[in-house]
Amino acid sequence: MLFNSFAYIFVYLPITFISFYFIAKKNHEYAILFLVIASLFFYGWWNYQYLLLLSLSILFNYTLGRIISTSIASEKQTNEKLYLYIGVSINLILLVYYKYTNFIISELNLYFGTSYKNQNITLPLGISFFTFTQIAFLIDTYHRKSKEYNIVHYSLFVTYFPHLIAGPVLHHKEMMPQFSDKKIFQINYYNVATGLTLFFLGLFKKVVLADNLACYVTPVFDAASSGENINTFEAWGASLSYTLQIYFDFSGYTDMALGASKLFGVDLPINFNSPYKSKNIIEFWRRWHMTLSRFLRDYLYIPLGGNRRGVFRKHVNLMITMLLGGLWHGANWTYVFWGGLHGFYLILNHVFQKMASNYGLNHLKPFFLNAAISRIITFLAVVFAWVFFRASSIDSGINIVKGMLGMNGTLIPLKWAEESNFDFLVRWMLEHGCKFSSNDILFTGNNEIWIISIMLGICWFMPNTTEIVLLSQNEKNQFWSWKLNAVWLLFLILISFISILFISDLSEFIYFQF
């Protein structure tokens, strides 16, 4: 069931909300159990057959977590580390089987000339997220940071529907104390208002902004995949459009997840914080998919040695972490290449910072590398990397990049000239060898430039949704701060109405495929 569907907005979410608080008046534990059942129903709506897989995964990890907790509490010689290794290994084997089996078979056939047949495996929705969530739980249990002896509570921790499909990746210790707080079993109308605001702002981002950028992305990337040369304007138009599409798509999902959870008085961790405002790649990864970055840092980068074993090993650990982080997104070399690019960016960032510190260059930054220039450089690096994230193959990604660099030719859309009020400029361009094309894959007029420009302005200069609604609670003097008043109520009604009008052909959130 999609967050941006009529079934979710008008049936599932209201019924779940009303039923939870009705049951909570009678019994808190029954209310928790109901939320588990409702979350399983939400997951099963997509494919009920994978409910068994999810249930077995929950039962296995709960049992192993309890064994580890009991072993730690025991005074006897225990094997909790062995149990941890078994748990992590089984989870990873499950993930590899469903997500990477056919990819591995295809690569074996390609490199060794074998003819193994691909398996008929459907990727279970959200498997990467509920697997990582449970791996984190087992590791935290081993390190005495978490423990759980109630199967219903643990099931809610894993299946809680606002985060189940596409995150955020949760820690047990940050979620379960909230479900133990009696306050969540009573309706808080301030939380309801906050939650609805977040939810419909997120829906607006998804169906009005992100989905309407897809028409500028798909034709160009499909053409690049089929081998057509992509010219400069097409390449930059499609790349910037996808950069904005994935921004508003993931930001929209995050807001909707935060909002749906807020209805129940539960705060999910903030997972998105204006990443395109970042002044360097290190900062970008502190702002983009923040809980995944946290997971990769805490459970991969640091166990590999982090920065504790010298500069060279630190850089190797960074690259390994980013390569595996890229592979986590999907069974395609494009994701690995994307992760490797970001690993390379991070290494360059750390090297530059070290050199600036060692050679006393920090005082020069305001002159040649101020905040605006740093943000532009970082943004362009991210745009080039997104090309490979979106491309169907590395070759098609290179085709797009060649177009961005002008290597496939620069043809100006004829429609621009026809719609321009500057005839003298068009004549000058023709006299100086500029070529116009009437057969453009992407651009049909000037509207695309305005759309991209406005959305870039939103990303770069406006406060984000969580800043407006959640982080501004102590800054009510700011004109953009969310307030429980008639003006914001009218605004919420307006964006809700517009968003619902834009719901037609349902499109999945981009991160649902991971």
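One structure accompanies this document, and this report is about it. As the structure is a computational prediction, the values presented were derived from the model and not from experiment.

Criteria and cut-off values
- In this numbering scheme, every chain counts its residues from 1 along its sequence in written order.
- Local features in this predicted model are restricted to residues of pLDDT 70 or higher, and side-chain atom pairs are both shown and tallied only at a pLDDT of 80 or more, whereas totals for entire chains, interfaces and linings draw on every residue.
- Each side-chain value is worked out from all heavy atoms of the structure, with water and hydrogens disregarded.
- Counting from the N terminus, the helices are the DSSP runs of H or I reaching at least four residues and the strands are the DSSP runs of E reaching at least two.
- Relative accessibility decides the category of a residue: with a 1.4 Å probe and only protein chains considered, values under 20% of the type maximum give buried, values over 50% give exposed, and everything between is partly exposed.
- Residues count as neighbours in contact if any of their non-hydrogen atoms are within 4.5 Å of one another.
- Surface accessibility in these figures is a Shrake-Rupley result with a 1.4 Å probe; residues are shielded only by whichever protein chains are displayed.
- Take the buried Ala, Val, Leu, Ile, Met, Phe, Trp, Tyr and Cys residues and link them wherever side-chain atoms come within 4.5 Å; each set so joined is a nonpolar core.
- In the sections that follow, a salt bridge refers to a side-chain nitrogen of Lys or Arg positioned within 4 Å of a carboxyl oxygen of Asp or Glu.
- Buriedness of a pocket was judged along seven lines, with at least five required to meet protein on both sides within 12 Å; pockets are open sets of points on a 1 Å grid over the protein atoms alone, cavities are sets where a 1.4 Å probe fits but cannot get out, and lining residues have an atom within 4 Å of a point.
- Grid points are joined across faces, edges and corners, and a volume is the space filled by probe spheres set on the points.
- One less than the number of residues in a helix, times 1.5 Å, gives the span that helix is expected to have.
- Starting at the helix axis, one direction is taken to each C-beta atom, and the arc is that of these directions.
- When residue character is reported, Ala, Val, Leu, Ile, Met, Phe, Trp, Tyr, Cys and Pro are called nonpolar, Asp, Glu, Lys and Arg charged, and the others, Gly included, polar.
- Within 3.5 Å is the distance limit for a polar contact, defined as a pair of N or O atoms, with the added protein rule that one can donate a hydrogen and the other accept it, and that residues adjacent in sequence qualify only through two side-chain atoms.
- By convention, a stacked pair of Phe, Tyr or Trp rings (six-membered ring in the case of Trp) has centres within 6.5 Å and planes under 30 degrees apart, an edge-to-face pair has planes over 60 apart, and any other such pair is tilted.
- Only when the NZ of Lys or the CZ of Arg is both within 6 Å of the ring centre and within 35 degrees of the ring normal is a charge said to sit over the ring.
- The patches described consist of residues with a relative accessible area above 30% and no salt bridge, like charges being joined within 9 Å and nonpolar side chains (Val, Leu, Ile, Met, Phe, Trp, Tyr) within 5 Å.
- Helix axes are fitted only over the stretch in contact, all axes being lines through C-alpha atoms; the angle between N-to-C directions runs from 0 to 180 degrees.
- An angle below 35 degrees is treated as roughly parallel, one above 145 as roughly antiparallel, one from 65 to 115 as roughly perpendicular, and anything else as oblique.
- By definition, turning the near helix anticlockwise from the far helix through less than a right angle yields a left-handed crossing, and turning it clockwise yields a right-handed one.

The next point concerns the overall build of the chain. Within the chain, the secondary structure is distributed over 23 helices and 2 strands. Per-residue burial for the chain yields a buried fraction of 52% across its 514 residues. Look at the contacts in the chain between residues 6 or more apart in sequence, and 75% of them connect residues 24 or more apart. Of the roughly 24700 Å² of accessible surface on the chain, 63% is carried by carbon and sulfur atoms.

Now for the nonpolar core. Ranked by internal contacts, the top residues of the largest apolar core, which has 147 residues, are Y8, F179 and W386. Per element, the largest residue contribution to this core is 14 residues, and it comes from helix 11 (residues 232-262).

Time to look at the pattern of salt bridges. Counting across every chain of the model gives 8 salt bridges. Notably, a salt bridge pairs K279 with E283, separated by 3.9 Å at the nearest N-O pair. Its relative accessible area of 37% is what places K279 among the partly exposed residues. Overall, E283 belongs to the buried group, its relative accessible area being 15%. E283 is the partner of R287 in a salt bridge, and the nearest nitrogen-oxygen pair spans 2.8 Å. Remark: E283 and R287 occur in helix 12 (residues 281-287); sequence separation between them is 4 residues, near one turn of the helix. Each member of the pair R287 and E283 is classed as buried. In this structure, a network of salt bridges that share partners links the residues K206, D211 and D249.

The next thing to look at is the layout of surface pockets. The space that makes up the largest pocket amounts to roughly 770 Å³. Surrounding the largest pocket, 27 residues form its lining, I135, I139, F295, Y299 and L300 being those nearest its centre. Among the elements of the structure, helix 4 (80-112), helix 5 (127-142), helix 13 (290-301) and helix 14 (311-328) are those that each provide at least two residues to the lining of the largest pocket. Examining the composition of the lining of the largest pocket, we find that 6 residues originate from one element, helix 4, more than from any other.

Let us now look at helix 10 (residues 214-225). End to end, helix 10 covers 16 Å across 12 residues, agreeing with the expected 16 Å (1.5 Å per residue, within 8%). Within the span of helix 10, buried status applies to Y216, V217, V220, F221, A223 and A224. Relative to the axis of helix 10, the buried residues are bounded by an arc of 155 degrees and lie together on one face. G227 sits one or two residues past helix 10 and shows a positive phi near 100 degrees.

Moving on to empty space enclosed by the protein. Tallying each qualifying case throughout the model produces 2 cavities of 30 Å³ or more. Size it by volume and the largest cavity reaches roughly 40 Å³. Lining the largest cavity, in full, are K205, S251, D255, F272, N464, T465 and T466. Looking at the lining of the largest cavity residue by residue, the classes come out as 1 nonpolar, 4 polar and 2 charged. Approximately 30 Å³ is the volume found for the second largest cavity. The wall of the second largest cavity is formed by A136, V169, L170, H171, T291, R294, F295 and Y299. When residues of the lining of the second largest cavity are assigned to their parent elements, the largest contribution, 4 residues, is made by helix 13. A class-by-class count of the residues in the lining of the second largest cavity yields 5 nonpolar, 2 polar and 1 charged.

This part takes up unusual backbone geometry. In this structure, R144 is a non-glycine residue whose phi angle is positive, near 65 degrees. With respect to the secondary-structure elements, R144 resides in the loop between helix 5 and helix 6 (151-159). Assessed through its relative accessible area of 58%, R144 is described here as exposed. Even without being a glycine, S274 presents a positive backbone phi close to 45 degrees.

Now for helix 6. Summarising burial for helix 6: 7 of the 9 residues are buried, a large majority. Structurally, helix 6 contributes buried residues whose contacts are with helix 2 (28-44), helix 3 (51-73), helix 5, helix 7 (161-164) and helix 8 (172-179). Backbone nitrogen of V152 and a side-chain oxygen of the N-cap are separated by 2.9 Å at the start of helix 6; the cap is N150.

Turning to the packing of aromatic side chains, a few remarks are in order. Applying the stated criterion to the full structure yields 64 aromatic pairs. Measuring from centroid to centroid gives 5.3 Å for Y160 and F179, while their planes differ by 85 degrees, and the two rings are edge-to-face. With a gap of 19 residues between them, Y160 in the loop between helix 6 and helix 7 and F179 in helix 8 connect regions that are remote in the sequence. Owing to a relative accessible area of 5%, F179 belongs among the buried residues under this scheme. Here the basic side chain of K99 rests over the ring of W328, its NZ or CZ set 5.1 Å away from the ring centre.

You can see T101 is positioned in helix 4. Residue contacts for T101: discarding those within four places in its chain leaves V96, Q119 and I121.

A few words now on a nonpolar patch on the surface. A grouping of V96, I104, L108, L110, Y111, F112, Y116 and W333 is seen on the molecular surface, where their side chains present a nonpolar patch of about 880 Å² in accessible area. Looking at the nonpolar patch element by element, the count peaks at 6 residues for helix 4. By the element assignment, L110 lies in helix 4.

With that settled, the discussion passes to the packing of helix 1 (residues 6-26) against helix 9 (residues 189-210). Relative orientation of the contacting elements helix 1 and helix 9 amounts to 155 degrees, with a least axis distance of 14 Å. As the angle between them shows, helix 1 and helix 9 are arranged roughly antiparallel. The two elements helix 1 and helix 9 meet at a crossing, and its hand is right-handed. In this structure, helix 1 contributes Y8, I9, L13 and F17 to the contact, and helix 9 contributes V192, F199, F200 and L203. Among the residues forming the contact of helix 1 with helix 9, the class breakdown is 8 nonpolar, no polar and no charged.

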